[in-house]
Amino acid sequence: MTPNKKLEEIRRKEKNWKENTVKTALKRFPLLSESPSRFYTPLDKNEDFNFLEKVGFPGQYPFTAGAYPFEPAAGLSRLAAKVPAGSAYTRAAMYSGYGAPEDTRDYYKNLIDRGGRQGPNLAMDLPTQCGYDSDNPLVAGEVGKVGVSIDTLRDLEVIYEPYQGHLNLDQIASNFTINAPAIYLIALYAALAEKRGIPLDRLRATPQNDILKEYVARGTYIFPPTPAMRLFRDTLVFINQQMPKVNITSIGGYHIREAGANRTQDLAYSMAIAIAYLQEGIQSGLDIDGFAPQFTFNAFGGSMEFLQEIAFQRAARRMYAHILKERFGAKNPKSMIIRQPITAHIGPSDTTIQRPLNNLTRAVLGAVAGALSGGTGAPFPPYDEPLGLGWSLEAQQLMHDAGRILTCEARLLDVADPFAGSYCMEFLTDRIEEEAWEELKKIEEMGGAVAAIENGYMQRQVAKSAYEHQKKINDGDLLIVGVNCFTGENELEVQTTRLVPHPYDPEKRLRAEERQIGSLKEVKRTRSKVEVTRLLQELEQKAKTKEENLVPHLMECAKTYISLQEVCDVFRDVFGEYDPPSIL
């Protein structure tokens, strides 16, 4: 029988199945007007499906089956219990930081005392993210609230006090969640290394440095997109040439989804933003294979839709690989892979403040999807994500143990991309990618990501999607256990026992602003006012010269203890401030 005749036979039998077997079964359930589930067959696969072209092998183009040939944790799972925590990889710790620098220093010191060996993964407070100093009346009440306050080099010096000797800057990796003023945080870290006598080419770090998604999602922008991209270009070139072990950016479709984007928008906008960043490197005269391997992805978004999120990750890897190879002419496979700490996951916005322990179940399902989509199978976030800043040690313990169970007991990582070739999974993967290409084409026709941000297109689409999503929850079309269903009086609010104090001291956090303002006042009193004036005047002139790379000069500013706002105010005067378009 020819392939076409086989498909025709399947089509006939599928029709017969729906008209007889399915209809007969539905008669037993009067409340159901149609089948609530879907069954996939060869009819859902493209007739010209080519395994090597569409899937391939893990670690090889098009990377659908995985960015790497295998997940190391699969082979090391039996040894995991014998390996001291944190000793296997030089990576940053979990996202953390609060209060004044001294508070975050003490937090990391406690981690080290408990056996941790990872470097800081710094969450900055909103004033820092928006380029304001802690003594600015405009930010009163916000200092140290949702992250640590960083005004000057003095603050990084304090935070990194526990990282000495075998944990010095060249022995750890650091992450910085900073975007609009990322160029100065990079300069601060480089200045700290030079003061310690550590060559820049030995540093490992990942600044988020993903300014375009701030306009679309998070909102911690300062300058208009065009000059902001100039600052990105300066960091790209400097890091590439002087700090080869430091990642240039950590692109965050995750934040776009959390802001309300759907899967198609998440993938299309992430790719559009990546293209804009890659183009900056090309326009600076760099070879694509010389800098693209230093691009990372923070993560894409997630949801509770298990199979769709697995397909999303497969589609994202294939799409990115195609862009790098076909559009930018990359030849090095390392340029074509999406490097990210987690693959499929649920997304923090899927956690609920109601019956929060259910969030552990949700995170475990996300981790299973991650393991089946080419990732590590790491549950995220901890169950108390919606309950306040920082995670309790109890929640972190449950999260880590869940991941260990999936790896060591369930052995989910023993098979790479187990859904490869599945009628359902290949259909979903193709559909997600096709829809993302279609949306990306719209953005390209507008002139790319920057143009689509300047005219408000991306922002409007995300806002519309967020509204539609919330409406489904309000109308009961999207069910969330404990929120809009199963909320009767006999349901129990299960709690855990608090065994140890929360790692973020609420009293310290409350007093952080006053202490940080005092520290900044002392820094400004003792530094050289003449040097500060000279360097800021020179910065203004250099900022007006588009061809000038600002990072080396900003390192000198850092060593003179010029503050973050003083730098950003110079940029505000030169570049202006972003005035977002109406998205109504």
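Residues numbered from 1 in each chain as written. Predicted model: local features only at pLDDT ≥ 70, side-chain atom pairs only at ≥ 80, totals over all residues. Heavy atoms only, no water.

## Focus: the overall build of the protein
Within the protein, the secondary structure is distributed over 23 helices and five strands. Over its C-alpha atoms the protein spans a radius of gyration of 25 Å, differing by no more than 12% from the 25 Å that the globule rule assigns to 584 residues. If one aligns the C-alpha atoms of the protein with their principal axes, the spans along those axes are about 85 × 55 × 50 Å. Per-residue burial for the protein yields a buried fraction of 51% across its 584 residues. Partitioning the intrachain contacts of the protein with sequence separation of at least 6 by distance along the chain shows that 77% fall at a separation of at least 24. Total accessible area computed for the protein in this model is approximately 27,000 Å², and 53% of it derives from carbon and sulfur atoms. (Helix = DSSP H or I, 4+ residues; strand = E, 2+ residues; numbered from the N terminus. Rg over C-alpha atoms; globule rule 2.2 N^0.38 Å. Buried < 20%, exposed > 50% of the residue type's maximum accessible area, 1.4 Å probe, protein only. Contact = heavy atoms within 4.5 Å. Areas by Shrake-Rupley, 256 points an atom, 1.4 Å probe, with all protein chains shown as cover.)

## A word on empty space enclosed by the protein
Tallied over the full model, the rule gives three cavities of 30 Å³ or more. Taken as a whole, the largest cavity encloses approximately 70 Å³ of empty space. Taken together, Asn179, Ala180, Ile183, Asn209, Ile211, Ala228, Leu231, Phe232 and Thr235 make up the full set of residues lining the largest cavity. Looking at the lining of the largest cavity residue by residue, the classes come out as six nonpolar, three polar and no charged. Of all the secondary-structure elements, those providing two or more residues to the lining of the second largest cavity are helix 7 (182-195) and strand 3 (204-207). (1 Å grid on protein atoms, 1.4 Å probe; cavity = no way out; pocket = protein on both sides within 12 Å on 5 of 7 lines; lining within 4 Å. Points joined across faces, edges and corners; volume = space filled by probe spheres on them. Nonpolar A, V, L, I, M, F, W, Y, C, P; charged D, E, K, R; others polar.)

## Observations concerning unusual backbone geometry
Omega for the bond connecting Tyr61 with Pro62 falls within 30 degrees of zero, at 10°, which places this linkage in the cis form. Cis geometry marks the peptide bond from Phe380 to Pro381, where omega comes out at 0°. Note on placement: Pro381 falls in the loop between helix 15 (358-372) and helix 16 (393-409). Phi at Arg355 takes a positive value of approximately 45°, unusual for a residue other than glycine. On the accessibility criterion, Arg355 (10% relative accessible area) is buried. Even without a glycine there, the phi angle at Tyr561 is positive, about 65°.

## Focus: the packing of helix 7 against helix 22 (residues 551-559)
The interhelical angle for the contact between helix 7 and helix 22, taken along N-to-C directions, is 65°, at an axis separation of 8 Å. Crossing geometry of helix 7 relative to helix 22 is assigned as right-handed. Listed contacts from helix 22 to Ile183, Tyr184, Ala187, Leu188, Ala190, Ala191 and Glu194 of helix 7 are Val551, Leu554, Met555, Cys557, Ala558 and Lys559. In terms of residue class, the contact of helix 7 with helix 22 is made up of 11 nonpolar, no polar and two charged. (Axes fitted to C-alpha atoms, helices over the stretch in contact; angles between N-to-C directions. Left-handed = near helix turned anticlockwise from the far one by under 90°.)

## Thoughts on the pattern of salt bridges
Across all of its chains, the model carries 45 salt bridges by this definition. Arg411 is paired through a salt bridge with Asp414; the nearest N and O atoms lie 2.6 Å apart. One network of salt bridges, with partners in common, ties together Arg257, Arg263, Asp266, Glu305 and Glu309. (Salt bridge = Lys/Arg side-chain N within 4 Å of Asp/Glu carboxyl O.)

## Digging into the nonpolar core
By size, the foremost hydrophobic cluster in this structure holds 134 residues, and its most contacted members are Tyr160, Leu212 and Phe571. By residue number, the principal contributor to this core is helix 7, which donates 12 residues. Setting aside its immediate chain neighbours within four residues, Leu212 contacts Met229, Ile273, Ala276, Tyr277, Ala449, Val450 and Ile453. (Core = buried A, V, L, I, M, F, W, Y, C linked by side-chain atoms within 4.5 Å.)

## Structural notes on the pairing of strand 3
By the bridge criterion, four bridges tie strand 2 (residues 173-177) to strand 3 in an arrangement that is parallel. Counted as the bridge partner of Ser174 is Ala205 from strand 3. With respect to chirality, the unit in which strand 2 leads through helix 7 into the neighbouring parallel strand 3 is right-handed. (Pairing = 2+ DSSP bridges. Right-handed = clockwise from strand over helix to strand, strands pointing away.)

## Some words on the layout of surface pockets
What the second largest pocket holds in volume is close to 1,400 Å³. If you trace the second largest pocket, you find 45 residues lining it, with Ser303, Glu305, Asp350, His469 and Leu478 closest to the centre. Those elements that place two or more of their residues in the lining of the second largest pocket are helix 10 (253-258), helix 11 (263-283), helix 13 (306-327), helix 15, helix 17 (423-446) and helix 19 (457-475). Examining the composition of the lining of the second largest pocket, we find that seven residues originate from one element, helix 19, more than from any other. Of the residues belonging to the lining of the second largest pocket, the class tally is 19 nonpolar, 15 polar and 11 charged.

## Overview of the packing of aromatic side chains
A full pass over the atoms with the stated rule returns 23 aromatic pairs. Centre to centre, the rings of Tyr215 and Tyr221 are 5.5 Å apart; their planes meet at 10°, and the pair counts as stacked. Residue class for Tyr215 comes out buried when judged on its relative accessible area of 5%. Exposure remark for Tyr221: the relative accessible area of 24% places this residue in the partly exposed category. Directly above the aromatic system of Phe312 lies the positively charged group of Arg257, at a separation of 5.0 Å from the ring centroid. Here Arg572 stacks its cationic end above the ring of Tyr132, 4.5 Å away from the centre of that ring. (Phe/Tyr/Trp six-rings, centres within 6.5 Å; stacked < 30°, edge-to-face > 60°. Lys NZ or Arg CZ within 6 Å of the ring centre and 35° of its normal.)

## Here we look at helix 9 (residues 225-242)
Helix length check: helix 9, at 18 residues, gives a terminal C-alpha distance of 25 Å against a target of 26 Å (1.5 Å per residue), a fit within 8%. Burial runs high along helix 9: 15 of the 18 residues are buried. (Expected span 1.5 Å × (residues − 1).)

Keep in mind these numbers describe shape, not what the thing actually does.
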